[in-house]
Amino acid sequence: MLDFILNDWKDRAAIDSSRIGFFGFSLGAYTGLVLAGGNPDLRRFALYCSDANRTRACEQLRSGDIPSSLPHEPRIRAAVLADTAINFAFPADRLADITIPLLIWRSEFGGAGVDPKNSALVAQSLPDKKEVRVVPAGHFAFLSPCTAEFAEKLPRFCTDPPGFDRTAFHREFNASIINFFRETLVRQGESR
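First, a word on what this report is: a plain description of the structure on this page. Predicted model only: the values in this text are computed from it and were never measured.

## Considering the pairing of strand β4 (residues 130-135)
Then step 1. Relative to β4, strand β3 (residues 102-107) runs parallel, the two sharing six bridges. Following the sheet pairing, leucine 103 is matched in β4 by glutamate 131.
Then step 2. What joins β3 to β4 is helix α4 (residues 116-125), and the crossover it makes is right-handed.

## Digging into the state of the cysteines
Then step 1. Counted according to the given criterion, the structure contains one disulfide.
Then step 2. Two residues, cysteine 146 and cysteine 158, share a disulfide whose sulfurs are 2.1 Å apart. Negative torsions about the S-S bond denote left-handed disulfides, and the value of about -90° found for cysteine 146 with cysteine 158 makes this one left-handed. Remark: cysteine 158 occurs in the loop between α5 (148-153) and α6 (166-185) and cysteine 146 occurs in the loop between β4 and α5; sequence separation between them is 12 residues.
Then step 3. What makes cysteine 146 partly exposed here is its relative accessible area of 29%.
Then step 4. For cysteine 158, a relative accessible area of 16% gives the class buried.

## Some points on empty space enclosed by the protein
Then step 1. Scanning the entire structure with this criterion turns up one cavity of 30 Å³ or more.
Then step 2. Around the largest cavity, the lining residues are Leu33, Leu81, Asp83, Thr84, Asn87, Ile104, Trp105, Arg106, Ser119, Val122, Ala123 and Leu126.
Then step 3. Only β3 and α4 provide two or more residues apiece to the lining of the largest cavity.
Then step 4. Residue composition of the lining of the largest cavity, grouped by class: seven nonpolar, three polar and two charged.

## Looking at unusual backbone geometry
Then step 1. Its identity as a non-glycine residue notwithstanding, serine 26 has a phi of 65°, on the positive side.
Then step 2. Tracing the backbone through its elements, the reader meets serine 26 in the loop between β1 (20-25) and α2 (27-36).
Then step 3. Phi at aspartate 83 is positive, roughly 50°, even though this residue is not glycine.
Then step 4. Among the secondary structure elements, aspartate 83 is positioned in the loop between β2 (76-82) and β3.

## Some details on the sheet that holds β2
Then step 1. Strands sit in the order β1-β2-β3-β4 across an open sheet of four strands; the sheet is parallel. Lying at the two open borders of the sheet, with one neighbouring strand each, are β1 and β4. Neighbouring strand axes in the sheet, compared pairwise and without regard to direction, differ in orientation by 15° on average.
Then step 2. Sheet contacts for α4: β3 and β4; angle to β3, the most-contacted strand, approximately 165°.
Then step 3. Running at roughly 165° to β2, α6 makes contact with β1, β2, β3 and β4 of the sheet.

## Notes on the environment of threonine 99
Then step 1. Locating threonine 99 in the fold gives a position in the loop between β2 and β3.
Then step 2. Separated by 27 residues in sequence, threonine 99 and leucine 126 have C-alpha atoms that sit 9.3 Å apart.
Then step 3. When residues no more than four places from it in sequence are discounted, the contact partners of threonine 99 are Ala36 and Lys129.

## What about the nonpolar core?
Generally speaking, nonpolar side chains in soluble globular proteins are found buried as a group.
Then step 1. Counting residues in hydrophobic clusters, the biggest one holds 27 residues, and the most contacted among them are Leu33, Leu81, Ile98 and Leu102.
Then step 2. Only α1 (2-8), β1, α2, β2, β3 and α4 provide two or more residues apiece to this core.
Then step 3. With five residues, the top contributor of residues to this core is α2.
Then step 4. The next biggest cluster of nonpolar side chains, apart from the first, holds 16 residues, and it includes Leu103, Ala141, Phe164 and Ile177.

## Description of the pairing of β2
Then step 1. Burial runs high along β2: six of the seven residues are buried.
Then step 2. With six bridges connecting them, β1 and β2 associate as parallel partners. Note that in β2 the partner of glycine 24 across the bridge is leucine 81.
Then step 3. The pairing of β2 with β3 spans four bridges and is parallel. What sits directly across from leucine 81, in β3, is isoleucine 104.

So, how was this worked out
Residues numbered from 1 in each chain as written. Predicted model: local features only at pLDDT ≥ 70, side-chain atom pairs only at ≥ 80, totals over all residues. Heavy atoms only, no water. Pairing = 2+ DSSP bridges. Helix = DSSP H or I, 4+ residues; strand = E, 2+ residues; numbered from the N terminus. Right-handed = clockwise from strand over helix to strand, strands pointing away. Disulfide = S-S within 2.5 Å. Buried < 20%, exposed > 50% of the residue type's maximum accessible area, 1.4 Å probe, protein only. 1 Å grid on protein atoms, 1.4 Å probe; cavity = no way out; pocket = protein on both sides within 12 Å on 5 of 7 lines; lining within 4 Å. Points joined across faces, edges and corners; volume = space filled by probe spheres on them. Nonpolar A, V, L, I, M, F, W, Y, C, P; charged D, E, K, R; others polar. Axes fitted to C-alpha atoms, helices over the stretch in contact; angles between N-to-C directions. Contact = heavy atoms within 4.5 Å. Core = buried A, V, L, I, M, F, W, Y, C linked by side-chain atoms within 4.5 Å.

By themselves these figures say nothing about function.
Here's what the structure looks like:
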């Protein structure tokens, strides 16, 4: 995508390639950790492969046919990662190559495969250029506030702890993302 936007997109002149930011939520946040320099231990995925599981991925894990590292994206200069999924794949030593500023948002209660204990460990293990914030809710609080119709059809995506105001949270969350990118990607002396 970056290659297209920077080289082939009709409005490519509007993009400053020295100021690329990344936002990811859940599996997108996992992707952001990898692109930023994290090296997941893919062998840890084998824990989820039973003997009966004959998927290609599980067969590759069993045979050891997995890459030792994944590609990183040096053009990304800062990242906001919200409730990183598959966080168990990042032992502390596999995060040492991350050198860009990070804003980490994580849920206190997790859910949807996000373990809040692992999330806290990953956040603590990240290099110094990080800011970590915790939202007193579950994984789906990072999704936009639900309409009444959506909440009726899929309540698990819309149910938050008592007293948690998702609309108010998103005002804070969205503003924090904008401010973080302004602080990390705007050059000294430029207007923000």
